[in-house]
There are 2 protein chains.
Amino acid sequence: MREIESIKECGGYLNRYTHASAVCHCDMTFSVYLPPQARDDKVPALYWLSGLTCTDDNARTKGGFQRFAARHGIAIVFPDTSPRGDDVADEPERYDLGQAAGFYVNATQNPWTPHYAMFDYVTRELPALLESELPLIPGIKSITGHSMGGHGALICALKLPGEYRSVSAFAPIANPVSCPWGEGCFGAYLGDDRSAWEAWDASCLVASGARVDDILVDQGDADEFLHDGQLLPDHFQTACDAAGQSLTLRMQPGYDHSYHFISTFIEDHFEYHARYLK
Amino acid sequence: MREIESIKECGGYLNRYTHASAVCHCDMTFSVYLPPQARDDKVPALYWLSGLTCTDDNARTKGGFQRFAARHGIAIVFPDTSPRGDDVADEPERYDLGQAAGFYVNATQNPWTPHYAMFDYVTRELPALLESELPLIPGIKSITGHSMGGHGALICALKLPGEYRSVSAFAPIANPVSCPWGEGCFGAYLGDDRSAWEAWDASCLVASGARVDDILVDQGDADEFLHDGQLLPDHFQTACDAAGQSLTLRMQPGYDHSYHFISTFIEDHFEYHARYLK
């Protein structure tokens, strides 16, 4: 991996890197915030998965995360949201399919299969790379994200028990098999057999027995995509209740889907993850 | 004034407005963050003046200010950086002159005079409007800003003694008559007579007797524009030392000119201004 930018913030460094991804078969760009504590010691990592249309830049610029990462001595990893490049399949006229919309699954359908392996990328390739190249404590990591990335965080934790110390999400797409965004991407990436989709859906995973210690979800009740039926936190709550999965779902009155919502509650999420990472 | 957007953040509301400016002779857009305390009481205001290329959106999105405004019960006013519109003079191929580069002066030269009156706009028209329309305590305000806006904050406070409770700046253009950005804008807006420029230059104002109680300035020592000779904080320090003007100039090792620098130190600036505003 090659460092292409380094900016000092809150006593640490916000770095951007590029590398040739073996699982996505393309060059990938990502950012890592290394808190000041990483100068002298290895630190745990919190993975942030961003939503539709984002790159690694949105959260690092708009989220206000670095202050809390520095306070708690936690690195933040900001992966990209899909494979990228001229030879990577895309639907340029759509924001919700193709590049910037990888949905954190491993595609099984052409033309997506050669590159769209974001689940393996964020859960296996990227942690292995970073734990070998940066001052991160091997294996000590948690995960969170927003919208499509909230979905990603939930399925990463639920599909890989024990891999993440803790998981949280902001306005996640919590039951993608039942919403337009999820149906569009899962149909394209995973094919017409809807039963194959359930292995990539947080609500279905909980219903079929997947478990983590606890889950924290914040959801604004003025979120336009909540009202459009894209997020479905009630389906996830129902699945968790039926299965006995611990879930703290906080409906936040008046908040929308933007980074202004995320920046309001990110301090709570860092405190939540810090308890598990220390 | 007309509200065109309202987003909940940190318990308060980040609102955007548009109005017909009498001094700029065009429609102007600005944002105000009203902290939760403004629901029940009038609150003091901190004016934020942004830098070259910015609109009212940069700081409200990237600065992480709202958390501290909510903590201290202070409203933040984010004006635009120049008059705007198709009939407003501009140099579209330049980022450092014309629209988005108003430099917080009142232009005396054509074609700039009809619209470029940003000093009167941010110090008189906008406060009068906001104190009549929003829950702000009349006359209780402070000012800060970044780069061109740091210059703006310093001259607003120095030219209008008693108008602002306190003033601070991030990487201000501290001696514009002596740097390329300032020479370009002052020559265009104020004409060839350099003696007329000094009334709009913080270092010259201090040298000629202008005084405020105290000034806080943060400056990154890895700031490319510092090294290009655009900012000249040493000139400002020399002027303040010679004149007996209190100045706390903090050279911050390793920090650049970006909002990652600002977000690191904005908490300190809110604490500084809160002491004067309460």
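The preceding data block contains the structure.
Being a predicted model, the structure only gives us computed values, none of them experimental. (Residues numbered from 1 in each chain as written. Chains lettered and ligands numbered in written order. Predicted model: local features only at pLDDT ≥ 70, side-chain atom pairs only at ≥ 80, totals over all residues. Heavy atoms only, no water.)

Trainee: How should I be thinking about the overall build of chain A in this particular structure?
Mentor: A count of helical and extended segments in chain A gives 9 helices and 9 strands. For 278 residues, the compact-globule estimate of 2.2 N^0.38 gives 19 Å, and the C-alpha radius of gyration of chain A, at 17 Å, lies within 12% of that figure. Expressed as lengths along the three principal axes of its C-alpha atoms, the size of chain A is roughly 50 × 40 × 30 Å. For chain A, with 278 residues in total, the buried portion stands at 64%. At a minimum sequence separation of 6, the contacts of chain A that also span at least 24 residues come to 71%. Summed over its atoms, the accessible surface of chain A is roughly 9,700 Å², and 47% of this surface lies on carbon and sulfur atoms. For chain A, the distance from the average site of its 20 positive side-chain charges to the average site of its 38 negative ones is 8 Å. (Helix = DSSP H or I, 4+ residues; strand = E, 2+ residues; numbered from the N terminus. Rg over C-alpha atoms; globule rule 2.2 N^0.38 Å. Buried < 20%, exposed > 50% of the residue type's maximum accessible area, 1.4 Å probe, protein only. Contact = heavy atoms within 4.5 Å. Areas by Shrake-Rupley, 256 points an atom, 1.4 Å probe, with all protein chains shown as cover. Lys, Arg positive; Asp, Glu negative; His and termini not counted. Charge placed at Lys NZ, Arg CZ, Asp CG, Glu CD.)

Trainee: Can you help me understand the interface of chain B and chain A in this one?
Mentor: The extent of an interface is frequently quoted as the accessible surface area lost upon association of the parts. Opposite the 22 residues of chain B that make contact, chain A presents 22 residues. Between chain B and chain A lies a buried interface of about 1,800 Å² when both sides are counted; carbon and sulfur atoms form 47% of it. Among the residues chain B hides against chain A, the three largest losses belong to K8, R67 and H260 of chain B. Together they make up 37% of the total. Applying the counting criterion to the chain B and chain A interface returns 2 salt bridges. Salt-bridge contacts for R67 of chain B lead to E267 of chain A; the nearest nitrogen and oxygen are separated by 2.9 Å. (Buried area = accessible area lost by both parts, 1.4 Å probe. Salt bridge = Lys/Arg side-chain N within 4 Å of Asp/Glu carboxyl O.)

Trainee: What's the story with the sheet that holds strand β1 (residues 2-9) of chain A in this structure? I'm lost.
Mentor: Sheets are built from strands paired through backbone hydrogen bonds, the pairs being either parallel or antiparallel. Residue and element names in this part refer to chain A. Here we have 6 strands laid out as an open sheet, ordered β1-β2-β3-β5-β4-β6, and mixed in their pairing. The open sheet is flanked by β1 and β6 (136-145), the only strands paired with a single partner. Between one strand axis and the next, the sheet turns by 25 degrees as a mean value, whatever way the strands run. Inspection of the sheet shows β1 paired to strand β2 (residues 12-21) by 7 bridges, in the antiparallel sense. Across the sheet, the residue bridging to K8 is Y13, located in β2. Those strands touched by helix α4 (residues 148-159) are β4 (43-49) and β6, and its axis lies near 135 degrees from that of β6. (Pairing = 2+ DSSP bridges. Axes fitted to C-alpha atoms, helices over the stretch in contact; angles between N-to-C directions.)

Trainee: I keep staring at the pattern of salt bridges and nothing clicks. Help me out?
Mentor: Pairs can form between side chains of opposite charge once their charged atoms are near each other. Residues and elements named next belong to chain A. In total, this model carries 28 salt bridges over all chains according to the counting rule given. The salt bridge partner of D120 is R124, with a shortest N-O separation of 3.9 Å. With a gap of 4 residues between them, D120 and R124 both fall in helix α3 (residues 118-133), about one helical turn apart. The exposure class of D120 is partly exposed, given its relative accessible area of 24%.

Trainee: What am I meant to see in the packing of α3 of chain A against α4 of chain A here?
Mentor: Two quantities define a packed helix pair, namely the angle between the helix axes and the distance between the axes. Residue and element names in this part refer to chain A. Two numbers describe how α3 lies on α4: the axes approach to 11 Å, and their chain directions differ by 65 degrees. You can see that α3 and α4 cross each other, and the crossing is right-handed. Seen from α3, the contacting residues are F119, V122 and T123; seen from α4, they are I155, C156 and K159. Grouping the constituent residues of the contact of α3 with α4 by class yields 4 nonpolar, 1 polar and 1 charged. (Left-handed = near helix turned anticlockwise from the far one by under 90°. Nonpolar A, V, L, I, M, F, W, Y, C, P; charged D, E, K, R; others polar.)

Trainee: So what exactly am I meant to see when it comes to the pairing of β2 of chain A here?
Mentor: Look at any regular strand and the pattern is simple: side chains alternate between the two faces of the sheet. Residues and elements named next belong to chain A. Of all 10 residues in β2, 8 are buried, a share of seventy percent or more. Between β1 and β2, which pair antiparallel and follow one another directly, the connecting turn spans 2 residues, one of which, C10, has a positive phi of 50 degrees. Judged from the 9 bridges that link them, β2 and strand β3 (residues 26-34) form a sheet pairing that is antiparallel. What sits directly across from S21, in β3, is C26. Following β2, the chain reverses through 4 residues before pairing antiparallel with β3; H25 in that reversal takes a positive phi of roughly 55 degrees.

Trainee: What is the right way to look at the relation of the copies chain B and chain A in this model?
Mentor: Both copies of the chain are related by a screw-like operation: a rotation about an axis and a shift along it. Take chain B, turn it by 180 degrees, move it 0.0 Å along the axis, and it overlays chain A with an RMSD of 0.0 Å. Within this description, the copies of the chain are treated as partners about a two-fold rotation axis. The C-alpha atom lying nearest the rotation axis in chain B is that of K62 of chain B; the distance is 2.5 Å. Most of the interface of chain B is mirrored in chain A, where 100% of its interface residues are also at the interface. (Least-squares fit on C-alpha atoms with pLDDT ≥ 70 in both.)

Trainee: Help me out: how do you make sense of the side chain of H151 of chain B in this one?
Mentor: As for its placement among the helices and strands, H151 of chain B is situated in helix α4 (residues 148-159). Excluding residues within four positions of it along the chain, H151 of chain B makes contact with F103, P172, I173, P176, F186 and W200 of chain B.

Trainee: What is the right way to look at the environment of S142 of chain A in this model?
Mentor: Residues and elements named next belong to chain A. Turning to its location among the elements, S142 is positioned in strand β6. S142 gets classed as buried once you look at its relative accessible area, which sits at 0%. A sequence separation of 80 residues divides S142 from A222, and the C-alpha atoms of the two residues are 28 Å apart. In this view, S142 contacts A45, L46, Y47, Y164, R165, S166, H273 and L277; residues no more than four positions away in its chain are not counted.

Trainee: Any chance you could explain the packing of aromatic side chains here in plain terms?
Mentor: Working definition: an aromatic ring pair is given by the centre-to-centre distance plus the angle between the planes. A full pass over the atoms with the stated rule returns 40 aromatic pairs over all chains. Measuring from centroid to centroid gives 5.1 Å for W112 of chain A and Y116 of chain A, while their planes differ by 90 degrees, and the two rings are edge-to-face. Classification of Y116 of chain A by relative accessible area gives buried; the value is 1%. For the ring pair Y255 of chain B and F265 of chain B, a centre distance of 5.0 Å and an interplane angle of 70 degrees mean the geometry is edge-to-face. Here Y255 of chain B is found in the loop between β9 (248-252) and α9 (259-277), whereas its partner F265 of chain B is found in helix α9, with 10 residues between them in sequence. One aromatic cluster is present, formed by W48, F65, F68, F78, F170, Y255, Y259, F261, F265 and F270 of chain A through successive ring pairs. Here the basic side chain of K159 of chain A rests over the ring of W200 of chain A, its NZ or CZ set 4.0 Å away from the ring centre. Across the ring face of F119 of chain B, the terminal group of K159 of chain B is positioned such that the distance to the ring centre comes to 5.5 Å. (Phe/Tyr/Trp six-rings, centres within 6.5 Å; stacked < 30°, edge-to-face > 60°. Lys NZ or Arg CZ within 6 Å of the ring centre and 35° of its normal.)

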